[in-house]
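Notes for the structure review
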Amino acid sequence: MRVAVIGAGVIGLSTAQSIYEQYHSTVSPLTIEVYADCFTPLTTSDGAAGFWQPYLYDKGNTQETKWNKETFDYLLNWLKSPEAVKMGIFLQSGYNLCTDPLPEPSFKDIVLGFRRLTERELQMFPGYTYGWFNTALMVEGKTYLPWLTNWLKERGVRFYHRKIKSFKELSDAGADVIINCTGIRSGELQPDPDLKPGRGQIVKVDAPWLKHWIITHNTKVGVYNSPYIIPGSRLVTVGGVFQLGNWSEQNNSTDHENIWENACQLEPSLKHARIVEDWAGLRPVRSKVRLERETIRSGASAIEVIHNYGHGGYGLTIHRGCAEEAARLFGQIVVQQGRRPKARL
Amino acid sequence: MKRVRVVVLGAGVVGFSTAVCIAEALPLCSVTVLAERFSPDTTSDGAAGIAFAAEFPDIPLERQRRWFKDSFDHLLAIAQSQDSPDAGIMLSSGWQIFKEVPARKKPFWSDFVIGFRTMTDGELKRFPDHRFGQAFTTVKCECSSYLPWLEERFRKAGGQVEQRKVNSLQELSNSFDVIVNCSGLGSKVLAGDTSVYPVRGQVLKVEAPWLTHFIRDGDGKTYIYPGMHSVTVGGTRQEGDWRLRVDQGDTESILERCSSLEPSLKKAKVLSQWVGLRPSRRNPRVERETVQLQGRTLPVVHNYGHGGWGVTIAWGTALDALGLVRQCLKEMPHQAKL
């Protein structure tokens, strides 16, 4: 069976991994190919801070909370192994700050040591009256994606640097199943009015004395539009903005000024930090993740597509849960097409 | 009216903390720090500097609480300020874990650190050999930055610094009016204190920027302390051991013990190793006395014997020492002192 994955961000690579893990011993031959016009370190996943945390509330989307949890547990389990360093995974604790009391977030039982902030801690952050402390995970794209790429290459997955213009293109070339992990540019393959860019801009600085992430929440301005400071293994990511509908991937100096000023107010020691670079990226925003099968009729034939895109600002956070689900959907296709040499139920 | 001449012996964290307290509070005194060794060659420089209290058997609990709280609040204020990177002080969260459940689950200092609580079962899963743990946020004070920062503050307050080895207090009787002894292990000779003894500690500095939490075994012998530019892993507690050379057996033991707590350390590059002698004593000596030196009666304020807790209580004991210096000055006639 030939599988063509379009997209080499965290979603594309991890989906390829899950499909391989689940089916390489039962589907033979299983050829997996990754097609993308953009690879690490230039994907959206690479620019992200690499911090595991969903939005505060899933708005009833318990499916996504389940996938987030699966991802957290999966990454946490890797921590037992020295391999975790090569994957870019590590623990980091920090503060979620609110200007007013808010209901507890969807992830409170997923992360480690979740608790309310004490009075003393709130005094450290003037202007914020409420919040939580917990230990979460970092999974840095610039390390994780190369690790995934290596993992896949070692198992015979081939990579092609090419922009795919249509699903038909791959189907005509012999792909049995196409996995669409094209993130923000999914609309180019199939229009989707629900998919919009949530533009973000960040400043990366050298501030090695910071060992806690600080995320602020301001219900008036919305998610990611208030300051956040996320130390990484080498640099600290300072943000943020969330500009729905803005397609510009250029750094904007007004955004830089606002981000920097707000962050320095939150963390005065940043004034001494050396600014290394700015980066802007487009979160692939959607009302919910599109993770489903679609059979596209093309004349007499059918193109089997599994969509896995629209992860907004929580792609790294949810990737494994979605990849496993996508692999499960792939399994349905395998059974339907009678490709399984042994039935395994 | 003559200025009172105060000398502070020792340029480690206790010496400079005490000198700063005195110079800033008593501007009419002339204060000199006199020491054989300065940063980066003091015992304080090698210490990881995580603020973490001990309990001394004979010091009233109230005084120990005050030492810890005053020091912690002082360091925390700097950690929260723009001075944080220059002064080498940062916030550090992490875990203290125990193989056996300790008798006292909530030590006296739990009120003074931030967010102290018992670890959850989920958190303990990562440490299968340990059955109990405490999670909290404290401060880490890196003396290789903090001491120069204190020195600058000291000089701004009019303080003088002199590099010199002092073999006996006799040498100081003509030049100074008050002696403040912060000479750590040196007090064995300078104060004739036979109860001072070294507790040898060896540490490694490794490159592991993915480590953001401290992990300390409750026995005090195994710890991982991520700092600004490296992670300090240790350690040893060898009482009465004066050896300053790195011991290869200790190196292997440290790496083995720390890697079992944190497997990713196996991948960490070792940057350097260091040995320090904790200036230990049954209790720190923070008290005053008068001594006869070459016909003069001189007040001496002692502030030494902090063992492995120098960074943790330097500021609190410095404030105590300042109080003792004030008492000495009150008893001195005919001199400009305050």
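Keep in mind the model is a prediction, meaning the values are calculated, not measured.

What follows covers the interface of chain A and chain B. In this complex, chain A contributes 29 residues to the contact, which on the side of chain B involves 36 residues. Between chain A and chain B the total buried area reaches about 2900 Å² when both faces are included, carbon and sulfur atoms providing 61% of it. At the junction of chain A and chain B, the tally comes to two salt bridges. Across the contact surface, chain A and chain B share eight residue pairs in polar contact (both at pLDDT 80 or more). Those elements giving two or more residues to the side of chain A that touches chain B turn out to be α4 (83-87), β3 (89-98), β4 (112-116), α5 (119-123) and β5 (130-139) of chain A. Of the residues assigned to the side of chain A that touches chain B, the class counts are 12 nonpolar, nine polar and eight charged.

Among the nonpolar cores identified, the biggest contains 100 residues, and A:Leu270 and B:Tyr146 are the most heavily contacted of them. Of the residues forming this core, the biggest block, 11 residues, is contributed by helix α9 (residues 310-330) of chain B. Counting 97 residues, the second largest nonpolar core, distinct from the first, contains A:Ile179, A:Tyr314, A:Cys322 and B:Phe127.

What follows covers the environment of A:Trp67. Residues and elements named next belong to chain A. Note that Trp-67 resides in helix α3 (residues 62-78). In sequence terms Trp-67 and Thr-317 are 250 residues apart; their C-alpha atoms lie 8.6 Å from each other. Trp-67 has contacts with Leu-291, Ile-318, Gly-321, Cys-322 and Glu-325, leaving out every residue within four places of it along the chain.

In this section: the UniProt feature "domain: FAD dependent oxidoreductase" (unreviewed entry) in chain A. UniProt annotation of "domain: FAD dependent oxidoreductase" (unreviewed entry) refers to residues 2-329 of chain A when read in the numbering used here. End-to-end, the C-alpha atoms of residues 2-329 of chain A are 15 Å apart, and along that stretch the chain is 29% helix and 30% strand.

Quick look at the sheet that holds strand β14 (residues 285-293) of chain B now. All names here are of chain B. Sheet architecture is open: six strands sit in the order β6-β2-β1-β7-β15-β14, paired in mixed fashion. The two strands at the open ends of the sheet, each matched to only one other strand, are β6 (160-163) and β14. On average, adjacent strands in this sheet sit at an angle of 25° to one another, irrespective of strand direction. Sheet topology places strand β1 (residues 5-9) next to strand β7 (residues 178-181); four bridges connect them, and they run parallel. The residue bridging Val-7 from the neighbouring strand is Ile-179, located in β7. Across the sheet, helix α1 (residues 13-25) touches β1, β2 (30-35), β6, β7 and β15 (296-304), and the angle it forms with β2 is around 170°. Strands β2 and β6 of the sheet are contacted by helix α6 (residues 143-156), whose axis makes an angle of about 125° with β6.

What follows is about the environment of B:Gln238. Residue and element names in this part refer to chain B. Following the sequence through the fold, Gln-238 ends up in strand β12 (residues 238-239). We classify Gln-238 as buried; its relative accessible area is 19%. The spacing of Gln-238 and Asp-86 is 152 residues in sequence and 33 Å in space, taken between C-alpha atoms. Filtering out sequence-adjacent residues up to four positions away, Gln-238 remains in contact with Pro-198, Val-199, Arg-200, Arg-243 and Asp-250.

On to helix α6 (residues 141-154) of chain A. All names here are of chain A. In this model α6 runs 19 Å from its N-terminal to its C-terminal C-alpha over 14 residues, within 8% of the 20 Å that 1.5 Å per residue would give. The set of residues buried in α6 consists of Gly-141, Tyr-144, Leu-145, Trp-147, Leu-148, Thr-149, Trp-151 and Leu-152. Of the residues one or two after α6, Gly-156 is the one with positive phi, at around 90°.

Attention shifts here to the pattern of salt bridges. According to the stated counting rule, one finds 49 salt bridges over all chains in the structure shown. Salt bridges sharing partners connect three or more residues here, namely A:Asp37, A:Lys163, A:Arg185 and A:Glu188.

Let's shift gears to the pairing of β4(A). All names here are of chain A. Judged by how many residues are buried, β4 sits mostly within the fold: four of five residues are covered. Pairing of β4 with β5 involves three bridges; the strand directions are antiparallel. By the bridge assignment, Leu-112 is partnered in β5 with Thr-135.

Calculation notes
- All chains use their own residue numbering, which begins from 1 and follows the written sequence.
- Each chain gets a letter, beginning with A, and each ligand a number, beginning with 1, in the order they are written.
- A pLDDT threshold of at least 70 governs which residues receive local features in this predicted model, and a stricter bar of 80 or more applies before side-chain atom pairs are shown or counted, although totals over entire chains, interfaces and linings include all residues.
- Hydrogens and waters are ignored; side-chain quantities use all the structure's heavy atoms.
- Two residues qualify as a contact provided that any one of their heavy atoms is within 4.5 Å of a heavy atom in the partner residue.
- Buried area: the accessible surface (1.4 Å probe) lost by two parts on joining, summed over both.
- Here, a salt bridge means any Lys or Arg side-chain nitrogen found within 4 Å of an Asp or Glu carboxyl oxygen.
- Any pair of nitrogen or oxygen atoms within 3.5 Å is treated as a polar contact; in protein, a donor-acceptor pairing is required on top of that, and neighbouring residues in sequence qualify only through side-chain atoms on both sides.
- The helix and strand labels rest on DSSP assignments: H or I over at least four residues marks a helix, E over at least two residues marks a strand, and numbering proceeds from the N terminus.
- For this classification, Asp, Glu, Lys and Arg are treated as charged, while Ala, Val, Leu, Ile, Met, Phe, Trp, Tyr, Cys and Pro are nonpolar and the rest, including Gly, are polar.
- Take the buried residues of types Ala, Val, Leu, Ile, Met, Phe, Trp, Tyr and Cys, join any two whose side-chain atoms come within 4.5 Å, and each joined set is a nonpolar core.
- Partly exposed residues are those whose accessible area sits between 20% and 50% of the maximum for their type, while under 20% is buried and over 50% is exposed, using a 1.4 Å probe and protein chains only.
- UniProt positions are given in the numbering used here, feature names are shortened, and annotations may be inferred rather than shown by experiment.
- Should DSSP find at least two bridges between two strands, the strands are regarded as paired.
- Lines fitted to C-alpha atoms define the axes here, with helix axes fitted over just the stretch in contact, and angles between the N-to-C directions of these axes take values from 0 to 180 degrees.
- A helix is expected to span 1.5 Å multiplied by its residue count minus one.

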